[in-house]
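Here is how the chains run, residue by residue.
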Amino acid sequence: MLILAVADRQITTNMNDQRPVYLVGAATITDYSRLPEYRKIAEPLARKGGYEVIAAANVDTSKGVLLEGEWPAQGLFFIERYESMEKLQSFVNSEEFQQAKLLRDQVADVHFMFALEQGENMGH
């Protein structure tokens, strides 16, 4: 636990407060035949960060509905949960995943990946 004094009050922060983080992404799959090869390498690395698929769908065939804006990808949309931003960043920045990304870039065009930490108003 970290205790900081600010003016005349104390602020207490639990250093072990590792809130979940959600990764939202979209990709156009360019080589479905090699996608399993990438997943075989990347998924075990992601599991070290507490990886859990919340939702995933091929947007070309899913029942999802675009309500506003323009969709950037033809293919995969996904939401994944990780144990913490620290663990997600450790996974994404690892040398092993950097090597896996070389393969991923041959099988998919990633349009966006956005990480959002669970907020206070979302509960624990």
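Residues numbered from 1 in each chain as written. Predicted model: local features only at pLDDT ≥ 70, side-chain atom pairs only at ≥ 80, totals over all residues. Heavy atoms only, no water.

J.: I would appreciate a short explanation of the side chain of Ser84 in the present structure.
T.: Mapped onto the elements of the fold, Ser84 is located in the loop between β5 (75–82) and α2 (85–93). Discounting residues that sit within four places of it in the chain, Ser84 has contacts with Gln18, Arg19 and Val21. (Helix = DSSP H or I, 4+ residues; strand = E, 2+ residues; numbered from the N terminus. Contact = heavy atoms within 4.5 Å.)

J.: Just checking my understanding: could you explain the confidence of the model for the chain for this structure?
T.: Low pLDDT marks stretches whose predicted atomic positions should not be read closely. Predicted confidence across the chain gives a mean pLDDT of 82, with 79% of residues reaching 70 or more. Counting interchain partners and residues more than four positions distant, the pLDDT-below-50 stretch residues 1–15 has 14 contacts. (pLDDT = per-residue confidence, 0-100.)

J.: Looking at this model, I keep getting lost on the layout of surface pockets. Mind explaining?
T.: Empty pockets left among the atoms are what a rolling probe the size of a water molecule brings to light. Volume-wise, the largest pocket comes out at about 520 Å³. What lines the largest pocket is a set of 27 residues, and nearest its centre among them are Leu23, Tyr38, Phe78, Glu80 and Met113. Where the lining of the largest pocket is concerned, the elements lending two or more residues are β3 (21–29), α1 (35–47), β4 (52–58), β5, α2, α3 (95–107) and β6 (108–117). A per-element tally of the lining of the largest pocket places α1 first, with 6 residues. When its residues are assigned to classes, the lining of the largest pocket shows 22 nonpolar, no polar and 5 charged. (1 Å grid on protein atoms, 1.4 Å probe; cavity = no way out; pocket = protein on both sides within 12 Å on 5 of 7 lines; lining within 4 Å. Points joined across faces, edges and corners; volume = space filled by probe spheres on them. Nonpolar A, V, L, I, M, F, W, Y, C, P; charged D, E, K, R; others polar.)

J.: When you look at the packing of aromatic side chains in this model, what are you seeing that I'm missing?
T.: Each aromatic ring pair is characterised by the separation of its centres together with the angle its planes make. Tallied over the entire structure, the rule returns 3 aromatic pairs. Between Tyr51 and Tyr82, the ring centres sit 5.9 Å apart and the planes meet at 50°, which makes this aromatic pair tilted. Of this pair, Tyr51 sits in the loop between α1 and β4 while Tyr82 sits in strand β5, and the two are 31 residues apart along the sequence. Centre to centre, the rings of Phe91 and Phe97 are 4.6 Å apart; their planes meet at 50°, and the pair counts as tilted. Each member of the pair Phe91 and Phe97 is classed as buried. Among the aromatic residues, those joined into a ring-pair cluster are Tyr51, Tyr82, Phe91 and Phe97. (Phe/Tyr/Trp six-rings, centres within 6.5 Å; stacked < 30°, edge-to-face > 60°. Buried < 20%, exposed > 50% of the residue type's maximum accessible area, 1.4 Å probe, protein only.)

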